[in-house]
Every structure is written in C-alpha cells, then in structure tokens.
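# What the coordinates show
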Amino acid sequence: MAPALNGAPDVAVANGRSYALPRRPTAVICYDGCDPAYVEAARAAGVVPHLSAMMDGGFAATALAAMPTFTNPNNVSIVTGAPPAVHGISGNYYFDAATGREVMMLDAEGMRAGTILAALARKGARVAAVTAKDKLLKALARDLTGIAFSAERADAATLAENGIDDATRLVGRAAPEPYVPDLSLFVLDAGVRLIGDGMVDIAYLSLSDLIQHAHAPGTPEANAFMAAVDERVGRLLAAGAVVGIVADHGMNDMTDAAGAPRVAYIADTLDAAFGGGATRVICPITDPFVRHHGALGGFVRVHVTDPGLAAEDVHRAVAAIEGVGEALTGAEAAARFEMPPEREGDVVAIGAPGWALGAHAADHDLSALAGARLRSHGGLAEQTVPFVLSHPLNEAYREAAATRTLRNFDIFDFALNGTVQ
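One structure accompanies this document, and this report is about it. (Residues numbered from 1 in each chain as written. Predicted model: local features only at pLDDT ≥ 70, side-chain atom pairs only at ≥ 80, totals over all residues. Heavy atoms only, no water.)

### Observations concerning the nonpolar core
Condition: Here, the term nonpolar core denotes a set of buried Ala, Val, Leu, Ile, Met, Phe, Trp, Tyr and Cys residues that are joined through side-chain atoms within 4.5 Å. Relative accessibility decides the category of a residue: with a 1.4 Å probe and only protein chains considered, values under 20% of the type maximum give buried, values over 50% give exposed, and everything between is partly exposed. Secondary structure elements follow DSSP: runs of H or I of four or more residues count as helices, runs of E of two or more count as strands, with numbering from the N terminus. Contacts are assigned to residue pairs that have any heavy atoms within 4.5 Å of one another.
Ranked by internal contacts, the top residues of the largest apolar core, which has 88 residues, are L120, F149 and F412. For this core, the leading source of residues is helix α9 (residues 182-196), giving nine residues. In this view, F412 contacts Y19, V28, I78, V79, I116, L117, I202, Y204 and N417; residues no more than four positions away in its chain are not counted.

The structure is reproduced here in structure tokens:
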C-alpha cells in the first residue's frame with residue numbers, strides 16, 4: 001500500500017513497500033493457529049480484556065493468510081510483507097524435482113526476498129525477532145542485525161550469533177520443552193522485557209499452535225491459554241507499545257462424528273490407480289513438530305514421476321477422491337494463490353472442510369497427537385485470521401481497510417504506517 005520512498009531517512013523499504021521507522025515501541029505478534037473462533041469464544045467468556053480493548057478502541061478485522069495455510073510460508077510472508085510468489089517459501093516441506101530430494105525447511109534456503117525486519121535495522125531501528133519454533137529462526141533473522149532467538153534454544157543464544165547471550169536470563173526461567181504452552185509464553189515474556197526495558201524499538205513475536213491443535217475454541221484449556229497470552233499483551237500495552245496481532249493460519253477439527261481422524265490418503269489411492277512409484281505425494285505441513293498434526297493438513301502436492309503417465313489422468317483421479325475439495329494443476333494453483341510455480345507439483349489437492357489430506361497411511365503416525373482429536377490446517381478453510389491493532393487507523397488506512405481484502409502480511413504496514421499514535 002505505502003509507496004516506496006527510497007532514500008528517506010525515516011523509511012525502510014522491503015519488497016516494494018515502505019515502512020516508517022517506529023515512532024514508539026511496536027510489537028507484532030504472530031498468534032500461531034489463532035482462528036477467529038478462539039477470539040470470539042475468549043471474548044464471550046470475558047478472559048481477554050486487553051485484546052477486547054484493542055478490538056474496541058483500536059482496529060479489528062479479519063484477513064486472509066497466504067496459501068497454503070502453513071507456518072513457514074505465512075511467517076515469511078508476514079516478515080517480508082509479500083506473498084510466497086515473491087519470497088519463494090510455499091511450505092514447511094517440499095520436493096526438489098531437480099535433485100529428487102525431499103527437503104524440510106529448517107533455514108532460509110529457498111528464500112529470495114529480504115525482510116521488513118532487516119530493512120528497519122539497516123535504517124537504524126533496534127529490532128528483535130523471537131520465535132517459539134527454532135525451525136523459523138534463520139528465515140526470520142535473514143540478514144538481520146539485531147536480536148534473534150528461539151524459545152526452543154534460548155539457552156544456546158550467543159551475542160555473536162543471536163545478538164544476546166543466553167536468553168533464559170532475559171526471561172528468568174529455563175528454555176521450555178517443545179510441547180508445552182510455555183513455549184509461546186516464553187516468547188511473549190521475552191518481548192515484554194525487550195520492549196519494556198527499552199532494548200528494542202520493534203519486536204516480531206512468533207508463537208506456537210500447540211494449544212489450537214489440541215483444544216477447540218471455548219474449551220477450558222483454550223481459554224486459559226488465551227487469557228495467559230492476553231496478560232502479556234496487557235504488559236506490552238502498559239509499556240506504551242503499539243501492538244499488532246495477526247495469525248499465520250486458522251485451525252479446524254478434522255474428525256468424524258465418532259472422533260476418528262477423517263483423512264484422505266492420496267498416495268494410497270494413486271498407487272492403487274497407477275502403480276507404486278508413478279507419483280510422489282508431498283505433505284508440505286511436515287515439520288519437526290509431529291505431535292501437533294501427524295504431518296496431516298489440508299493441502300498436498302502431487303508430482304508425477306512416471307514419464308509415461310499423463311498429469312491430466314492424475315488430476316482427474318485426485319479430484320475424484322472423497323475429502324478433496326479442489327484439485328488444481330500446479331500452474332493454476334500458483335497463479336490463483338500467488339505461490340512460486342517452480343515449487344508446485346503437477347497437481348495440487350486442497351482438502352474439503354473437515355478433511356485432512358495425507359500421503360500413504362503408513363507415513364503418518366497419529367498415536368502421538370497432542371490432542372485427542374485431529375485438528376489441523378493448510379487449506380482454504382483455515383485462511384481467515386484475526387487482524388487486530390491496539391491503535392486506531394488514520395483516514396487513508398481506514399479507507400483502504402474498508403475497500404480491499406486485508407492480508408495477514410499487511411500487518412507491519414498497518415502497524416507502522418497506518419496507526420494514529
């Protein structure tokens with residue numbers, strides 16, 4: 001939205017968009033997996049007074065996440081202010097057709113755009129990126145001169161590598177285990193210290209979606225977590241910060257009436273139709289947090305590996321599978337959802353609401369799921385997310401918000417350029 005103002009001393013430019021340097025401390029929170037239903041339920045229960053005050057006195061809307069609705073592409077979209085077609089990251093996991101390798105994204109490999117955070121730091125802002133999941137750190141901290149660490153490995157942070165020594169001392173407790181709510185609360189507590197003690201001007205705080213994978217909106221566990229996050233949001237506000245809250249994706253139940261996972265195993269069906277090895281099904285939700293989702297989500301890519309097999313035949317077969325809401329060619333999906341075409345499969349399958357998609361049933365271990373039910377994301381049903389700012393918008397941004405579809409990766413633009421402070 002904001003024009004690029006190259007050379008202006010108080011404006012940073014990233015991917016064709018300009019961002020004013022923060023006039024007051026600013027915290028942008030990626031509330032991982034925070035479907036709008038969690039916000040609605042928590043507000044109805046009266047457990048999120050600070051978030052409610054932001055929504056009533058600042059700005060509140062919903063926005064669309066980038067597709068596929070997974071953690072990596074959306075966090076990178078948020079910090080670059082751009083869709084995957086620009087920055088190159090379109091999944092947590094992908095198939096490199098040139099090498100025949102399946103690759104899990106654990107660093108900035110494949111990322112081809114600079115971040116807003118790095119651009120702000122180059123202009124003199126003091127910047128921090130704190131993430132729950134270490135898998136995101138190298139992407140968020142790409143070319144960043146500032147503070148950057150993960151809650152997972154806070155005790156291993158060094159001044160040379162992370163801009164801070166042993167971040168557990170900042171927060172005052174040990175680095176949390178991966179599968180506990182404190183993984184997210186640690187991130188927020190770090191942000192409160194960094195902002196409250198005047199150590200940084202702007203902080204990006206990226207949480208974990210453990211609770212949302214395990215507990216539905218309005219449950220005691222979900223509301224307790226919402227309340228704990230809200231208490232930290234209150235502390236950021238008390239420190240005088242502008243706070244922006246957005247999510248990387250929503251979350252949905254993917255079980256049948258009896259509570260059993262409702263999964264379409266695409267690779268098993270294609271093997272039966274065309275023979276084993278004729279296709280390769282990639283689940284781009286795959287990441288180190290297997291207990292969250294069992295590598296099952298609402299979006300998969302199908303690569304045709306048999307040169308004698310027509311992609312059109314595979315497309316028709318995928319479209320006919322129960323649980324597939326849409327089947328697109330890779331080119332169609334890339335154009336429609338602003339994804340890099342070179343990373344697409346020959347066929348893209350998007351789950352119907354309430355369905356998860358997988359490869360072979362044998363590839364997915366559901367015994368370790370953090371919750372009793374399969375709750376996951378990745379498809380269109382998880383694209384709508386909250387978009388909340390602590391301060392009201394100026395006239396230009398109010399008009400823009402009323403006349404176009406907001407994206408989750410607009411949050412830095414609105415927080416830095418659009419708020420009345």
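### Examining the pattern of salt bridges
Here the idea is simple: oppositely charged side chains can pair when their charged atoms come close. What counts is decided by this rule: Each reported salt bridge corresponds to a side-chain nitrogen of Lys or Arg within 4 Å of a carboxyl oxygen of Asp or Glu.
Scanning all chains against the criterion turns up 20 salt bridges. Of the charged contacts in the structure, one is a salt bridge between R235 and E231, with a shortest N-O distance of 3.0 Å. Placement of both R235 and E231 in helix α11 (residues 220-238) is noted, with a separation of four residues, approximately one turn of the helix. Exposure remark for E231: the relative accessible area of 35% places this residue in the partly exposed category. Residue D410 pairs with R404 through a salt bridge whose shortest N-O separation is 3.1 Å.

### Some remarks on the packing of aromatic side chains
Selection rule: Each aromatic pair joins two rings of Phe, Tyr and Trp (for Trp, the six-membered one) with centres within 6.5 Å, and gets the label stacked for planes under 30 degrees apart, edge-to-face for over 60, and tilted for any other angle.
Under the criterion given, the structure shown has seven aromatic pairs. Taking the centre distance of 5.9 Å and the plane angle of 45° together, the rings of Y204 and F412 count as tilted. Linking Y204 in strand β9 (residues 202-206) with F412 in helix α17 (residues 411-418), this pair joins segments that are 208 residues apart in sequence. An identical accessibility class is assigned to Y204 and F412; each is buried. Ring plane angle 85° and centroid distance 5.4 Å describe the contact between F387 and F414, whose orientation is recorded as edge-to-face. Linking F387 in strand β19 (residues 384-389) with F414 in helix α17, this pair joins segments that are 27 residues apart in sequence. Here F387 falls in the buried class, since its relative accessible area comes to 0%. With a relative accessible area of 0%, F414 lands in the buried category.

### Observations concerning the pairing of strand β8 (residues 147-150)
Stated precisely, the cut-off is as follows: Think of it this way: DSSP has to see at least two bridges between two strands before they count as a pair.
Side chains I147 and F149 of β8 all project onto a buried face; the interleaved residues A148 and S150 project onto the opposite face, where all are buried too. Judged from the four bridges that link them, strand β7 (residues 127-131) and β8 form a sheet pairing that is parallel. Bridge pairing in β8 places A128 opposite I147.

### Some thoughts on the sheet that holds strand β13 (residues 279-282)
Note the cut-off: Each axis is a line fitted through C-alpha atoms, taken for helices only over the stretch in contact, and angles between the N-to-C directions span 0 to 180 degrees.
Spatially, β13-β14-β16-β15 is the arrangement adopted by the four strands of the open sheet, whose pairing is antiparallel. Lying at the two open borders of the sheet, with one neighbouring strand each, are β13 and β15 (324-329). Pairs of neighbouring strands in the sheet enclose a mean axial angle of 20°, with direction left out of account. Of the pairings in the sheet, the one linking strand β14 (residues 299-304) to strand β16 (residues 347-351) comprises four bridges and is antiparallel in character. Looking across to β16, one finds that F299 is bridged to I350. Where helix α14 (residues 311-319) meets the sheet, its contacts fall on β13, β14, β15 and β16, and the angle it forms with β15 comes to roughly 165°. Helix-sheet contacts for helix α15 (residues 330-337) involve β15 and β16, and the interaxial angle to β15 is about 100°.

This is a description of form; function is not addressed.
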